[in-house]
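# Tertiary structure, described
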Amino acid sequence: MVVCGSLRKKSYNAALARALPALAPDGMAIKPAPAWDKFPVYNNDLEDSAGIPAEAVAWGDAIRSADGVVIVSPEYNWSIPGGLKNAIDWASRMKEVPFKGKPVALQSCARGPLGGARMQYHLRQSLTSIEAFLFGRPEIFVSFSANKFDANTLDLTDQPTIDIVKQQLAGFEKFIRRLNGKA
Ligand SMILES: Cc1cc2nc3c(=O)[nH]c(=O)nc-3n(C[C@H](O)[C@H](O)[C@H](O)COP(=O)(O)O)c2cc1C
């Protein structure tokens, strides 16, 4: 399953997320997670009065039922985009926390030179707090992303990026097998 942290129509992160199924090893199917953009801003009072919104429950359920989750997200102001963090906060309130014990791999695209690295380390920390299992290396930081995708089609065209994404997904597949006792 893949979660994208950007809602922008011409998002590089969404473009990378769309490229993943073709770059995944045999036997690994990657499908998009349900949308998180309609979740209300987390409010403990709202949760107490109305419970967790149905859309957030559906998102959490989809994550729980996946063998593993790839999160592809931009960095906003050196950190996690608010909408994505809000989705994680809602999911963390579910009785069976969807990320608990879940293998998670991170990827980011950014227009700048750091490729979203600071966001990834915040996400790594936040997801560890809810007991996700974060994949280690290789890490995927698509810096200067405007140069790595076709300007019209948004297809991923940069061969070194294609190669390292393939390498990460192959490693992530093994990591999932080990964690799920199928190695
Ligand atoms: C609110 C906001 C904050 C941003 N902050 C950062 C940042 O901290 N680091 C960075 O590398 N790029 C930052 N950017 C630029 C993004 O890298 C760039 O907009 C990128 O294309 C967003 O990803 P997307 O194409 O998937 O939407 C920021 C963009 C926005 C809109």
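Refer to the structure printed above.
This part is about the pairing of strand β3 (residues 103-109). It is a general feature of regular strands that their side chains alternate between the two faces of the sheet. β3 sits mainly inside the fold: 7 of its 7 residues count as buried. The alternating pattern of β3 places Pro103, Ala105, Gln107 and Cys109 on one face and Val104, Leu106 and Ser108 on the opposite face, and all of these are buried. Here 4 bridges tie strand β2 (residues 69-72) to β3, and the two strands are oriented parallel to one another. Among the inter-strand pairings, valine 72 is bridged to a residue of β3, identified as glutamine 107. Between β2 and its parallel partner β3, the chain crosses via helix α4 (residues 82-91), and the hand of that crossover is right-handed. Where β3 lies against strand β4 (residues 133-134), 2 bridges are found, and the strand directions are parallel. Bridging from a neighbouring strand, proline 103 pairs with phenylalanine 133 of β4.

The tally for this structure, following the rule as stated, stands at 8 aromatic pairs. Both rings, one in phenylalanine 39 and one in tryptophan 59, keep their centres 6.1 Å apart while their planes meet at 80°; by these two values the pair is edge-to-face. Here phenylalanine 39 is found in the loop between α1 (12-23) and α2 (44-50), whereas its partner tryptophan 59 is found in helix α3 (residues 54-65), with 20 residues between them in sequence. Assigned by exposure class, phenylalanine 39 and tryptophan 59 land together as buried. Pairing phenylalanine 135 with phenylalanine 172 gives two aromatic rings, centres 5.8 Å apart and planes at 70°, and the pair type is edge-to-face. Here the residue phenylalanine 135 occupies a position in the loop between β4 and β5 (140-142), and phenylalanine 172 occupies one in helix α6 (residues 159-179), the gap between them amounting to 37 residues. As far as the burial class goes, phenylalanine 135 and phenylalanine 172 line up, both buried. Three or more aromatic residues link up through ring pairs in this structure, and these residues are Phe39, Trp59 and Phe99. For arginine 8, the ring lying beneath its charged end belongs to tyrosine 12, and the centroid distance is 5.5 Å.

Once that is clear, we can look at the site of the ligand. The environment of the ligand is made up of 13 residues, and the closest members are Ser6, Arg8, Ser11, Asn13 and Trp78. A distance of 3.0 Å separates an oxygen atom of the ligand from a polar atom in the backbone of tyrosine 12. In this structure, tryptophan 78 approaches the ligand through a main-chain N or O atom, which is 2.7 Å from an oxygen atom. The protein chains hide 73% of the 620 Å² of surface that the ligand would expose on its own. Classifying every residue of the shell around the ligand by side-chain character gives 5 nonpolar, 4 polar and 4 charged.

The next subject is the environment of leucine 169. The residue leucine 169 is located in helix α6 in this model. Here leucine 169 falls in the buried class, since its relative accessible area comes to 0%. In the structure, leucine 169 is positioned 91 residues away from tryptophan 78 in sequence and 25 Å away in space, judged by C-alpha atoms. Leave out the neighbours within four places in its chain, and leucine 169 touches Leu20, Leu23, Ala24, Pro25, Met28, Ile30, Val70 and Gln107.

Let us look at the pattern of salt bridges. This structure, assessed with the given rule, holds 7 salt bridges. The salt bridge partner of lysine 85 is aspartate 89, with a shortest N-O separation of 3.0 Å. With a gap of 4 residues between them, lysine 85 and aspartate 89 both fall in helix α4, about one helical turn apart. The partner of arginine 177 in a salt bridge is glutamate 173, and the shortest N-O contact between them spans 2.9 Å. Here the residue arginine 177 and the residue glutamate 173 both occupy positions in helix α6, the gap between them amounting to 4 residues, near one helical turn. Residue classification places glutamate 173 among the buried positions, given a relative accessible area of 15%.

Cut-offs applied
- Residues numbered from 1 in each chain as written.
- Predicted model: local features only at pLDDT ≥ 70, side-chain atom pairs only at ≥ 80, totals over all residues.
- Heavy atoms only, no water.
- Buried < 20%, exposed > 50% of the residue type's maximum accessible area, 1.4 Å probe, protein only.
- Helix = DSSP H or I, 4+ residues; strand = E, 2+ residues; numbered from the N terminus.
- Pairing = 2+ DSSP bridges.
- Right-handed = clockwise from strand over helix to strand, strands pointing away.
- Phe/Tyr/Trp six-rings, centres within 6.5 Å; stacked < 30°, edge-to-face > 60°.
- Lys NZ or Arg CZ within 6 Å of the ring centre and 35° of its normal.
- Near = heavy atom within 4 Å.
- Polar contact = N/O pair within 3.5 Å; in protein donor to acceptor, adjacent residues only side chain to side chain.
- Areas by Shrake-Rupley, 256 points an atom, 1.4 Å probe, with all protein chains shown as cover.
- Nonpolar A, V, L, I, M, F, W, Y, C, P; charged D, E, K, R; others polar.
- Contact = heavy atoms within 4.5 Å.
- Salt bridge = Lys/Arg side-chain N within 4 Å of Asp/Glu carboxyl O.

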